[in-house]
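Spelled out, the chains give:
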Amino acid sequence: MSTLHTVNKTAADDALAACLRVATSGDSLLLIEDGVYQASTITGHPQAQVLKLFALKEDTDARGISLPSSVTPIDYAQFVELACQHSRSVSWF
Amino acid sequence: MSTLQSPKTITFISRSTPYGSGRAKACLDMVLSAAAFEQKINLVFMDDGVWQLQAAQKPKSIDAKDLSAALSALPLFDVNNIFAESKSLSARDLDPASLAIGVKACSAEAIAVLIRESDVVYQL
Amino acid sequence: MSQLLLHNHKAIPLDKDGYLRCLEDWSPEVADKLASSESITLLEAHWEVLDVLREFYQRTGLSPAMRPLVKLVATELGADKGRSIYLMKLFPGNPALLASKLAGLPRPTNCF
């Protein structure tokens, strides 16, 4: 029943804010591409507390971004696994 | 057109302005395609997407087709579940009662329910 | 590129499916010529459907596929005409494709 949300934009775009408004408890949120720049600020977001948070390791490595402990790094293979574990995915791009 | 499989519930979340990029038009085209295949469709306007609903658009002045006029024809294509997020409307000072087309103003929570009840969700 | 030759020798460019390349090229004569290339003689019953389609396209920018076409004709011309069998008789084969072609509209999206 749960949804995998992916966000690939920085905070200059309202994609993450929109995603957080409609994501619900048990959903997963994966930051990819420029979305990984929001990894450290997202943890302070009240709506983010009920979500499982991930970031794509290839994209954080490329940008020199280190992740807070509440955001789990995953690789592309795990991205595929994650997509399979959810009923649907929404790309906020 | 015959439907080979049972129809899916598809929710389209349109978050872009009508003429600033091709995204709003692309979303409408996807909605019309899905409608041609007799799928169960929800169309949701959020964020800047609600500008597509602004009344009195006359995009002839910029050589564009009137997107709101095309939206007004959606019931003919059996697309009747059209929503706009109240918060996005009020943030842009748009009155739900004086939009180009009739939409159901709804909360983010209601959109969350639409997503949960969908087989597929497209956001653009 | 194929084209349609009018009586004044003006050549109207068509796309590979026989649709007008420039929608502004449409005229009743063009419709008649396109119809005869499909072995159809346009009668009053055809013209009123073409008028409905052209008005709809001007208003919305959309070329309706079959189901919306049936609903549109039902709304504009009455329930007795808003039926697929009626439109099939006027525009045999695929009414949505054929009627939009003769009305000078783009090919309906997602109509095969």
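What comes next is a walk through the structure. (Residues numbered from 1 in each chain as written. Chains lettered and ligands numbered in written order. Predicted model: local features only at pLDDT ≥ 70, side-chain atom pairs only at ≥ 80, totals over all residues. Heavy atoms only, no water.)

1. Some details on the overall build of chain A
Within chain A, the secondary structure is distributed over four helices and five strands. Secondary structure elements of chain A, listed N to C terminal, follow the sequence β-α-β-α-β-α-β-α-β. Compactness check: chain A gives a C-alpha radius of gyration of 12 Å against a globular reference of 12 Å for 93 residues, within 12% of the reference. Across the 93 residues in chain A, those meeting the buried criterion constitute 44%. As displayed, chain A has an accessible area near 4300 Å², and 54% of this comes from carbon and sulfur atoms. (Helix = DSSP H or I, 4+ residues; strand = E, 2+ residues; numbered from the N terminus. Rg over C-alpha atoms; globule rule 2.2 N^0.38 Å. Buried < 20%, exposed > 50% of the residue type's maximum accessible area, 1.4 Å probe, protein only. Areas by Shrake-Rupley, 256 points an atom, 1.4 Å probe, with all protein chains shown as cover.)

2. Focus: empty space enclosed by the protein
Residue and element names in this part refer to chain B. A full pass over the atoms with the stated rule returns one cavity of 30 Å³ or more. Lining the largest cavity, in full, are Ser 14, Ala 24, Cys 27, Leu 28, Val 31, Leu 43, Phe 45, Gln 52 and Leu 71. Ranked by residues supplied to the lining of the largest cavity, first place goes to helix α1 (residues 23-36) with four residues. Looking at the lining of the largest cavity residue by residue, the class counts come to seven nonpolar, two polar and no charged. (1 Å grid on protein atoms, 1.4 Å probe; cavity = no way out; pocket = protein on both sides within 12 Å on 5 of 7 lines; lining within 4 Å. Points joined across faces, edges and corners; volume = space filled by probe spheres on them. Nonpolar A, V, L, I, M, F, W, Y, C, P; charged D, E, K, R; others polar.)

3. What to know about helix α3 (residues 66-77) of chain C
The end-to-end C-alpha distance of α3 of chain C, which contains twelve residues, comes to 16 Å, matching closely the 16 Å that a straight helix rising 1.5 Å per residue would cover. Its buried side turned inward, α3 of chain C meets α2 (44-60), α4 (84-90) and α5 (95-102) of chain C. (Expected span 1.5 Å × (residues − 1). Contact = heavy atoms within 4.5 Å.)

4. Details of the sheet that holds strand β3 (residues 52-56) of chain A
Residue and element names in this part refer to chain A. An order of β4-β3-β2-β1-β5 is seen for the five strands of this open sheet, with the pairing classed as parallel. At either margin of the open sheet sits one strand with a lone partner, and together these are β4 (71-74) and β5 (88-92). Each strand of the sheet is rotated relative to its neighbour by a mean of 25 degrees, with strand direction disregarded. The sheet contact formed by β3 and β4 spans four bridges and is parallel. Opposite Leu 53, over in β4, you have Val 71 as the bridge partner. (Pairing = 2+ DSSP bridges. Axes fitted to C-alpha atoms, helices over the stretch in contact; angles between N-to-C directions.)

5. Points about the sheet that holds strand β1 (residues 9-14) of chain B
Residue and element names in this part refer to chain B. The sheet built from five strands is open, its strands ordered β4-β3-β2-β1-β5 with parallel pairing. Two strands bound the open sheet, and with one partner strand each, they are β4 (104-106) and β5 (120-123). Averaged over all pairs of adjacent strands, the angle between strand axes in this sheet comes to 25 degrees, irrespective of strand direction. Of the strand pairs in this sheet, β1 and β5 are connected by four bridges, and their pairing is parallel. Counted as the bridge partner of Phe 12 is Tyr 122 from β5.

6. Side note on the interface of chain C and chain B
On the side of chain B, 16 residues touch chain C, which itself brings 14 residues to the contact. Of the roughly 1300 Å² buried between chain C and chain B, counting both surfaces, carbon and sulfur atoms make up 61%. Connecting chain C to chain B are three salt bridges. We note a salt bridge from Lys 71 of chain C to Asp 78 of chain B, for which the minimum N-O separation is 2.5 Å. Linking chain C with chain B are six residue pairs in polar contact (both at pLDDT 80 or more), by the criterion used here. Among the secondary structure elements, those contributing two or more residues to the side of chain C that touches chain B are α2 and α3 of chain C. Classifying every residue of the side of chain C that touches chain B by side-chain character gives eight nonpolar, three polar and three charged. (Buried area = accessible area lost by both parts, 1.4 Å probe. Salt bridge = Lys/Arg side-chain N within 4 Å of Asp/Glu carboxyl O. Polar contact = N/O pair within 3.5 Å; in protein donor to acceptor, adjacent residues only side chain to side chain.)

7. Here we look at the nonpolar core
In globular proteins that are soluble, nonpolar side chains generally tend to be buried together. Residues Leu 43, Leu 53 and Leu 74 of chain B are the most contacted members of the largest nonpolar core, which totals 34 residues. If you list the elements that add at least two residues to this core, you get β1, α1, β2 (40-45), α2 (67-72) and β3 (81-85) of chain B together with α2 of chain C. It is α1 of chain B that provides the largest number of residues to this core, a total of seven residues. In this structure, Leu 14, Leu 98, Ala 103 and Leu 105 of chain C belong to the second largest nonpolar core, which totals 31 residues. (Core = buried A, V, L, I, M, F, W, Y, C linked by side-chain atoms within 4.5 Å.)

8. With respect to the interface of chain A and chain B
If you look at the interface, chain A gives 16 residues, while chain B gives 19 residues. Summed over both partners, the interface of chain A with chain B comes to about 1400 Å²; 53% of that surface belongs to carbon and sulfur atoms. Linking chain A with chain B are four salt bridges, by the criterion used here. Connecting chain A to chain B are nine residue pairs in polar contact (both at pLDDT 80 or more). Secondary structure elements with two or more residues in the side of chain A that touches chain B: α1 (15-22) and β5 of chain A. At five residues, β5 of chain A tops the list of elements feeding residues into the side of chain A that touches chain B. Grouping the amino acids of the side of chain A that touches chain B by side-chain chemistry returns seven nonpolar, five polar and four charged.

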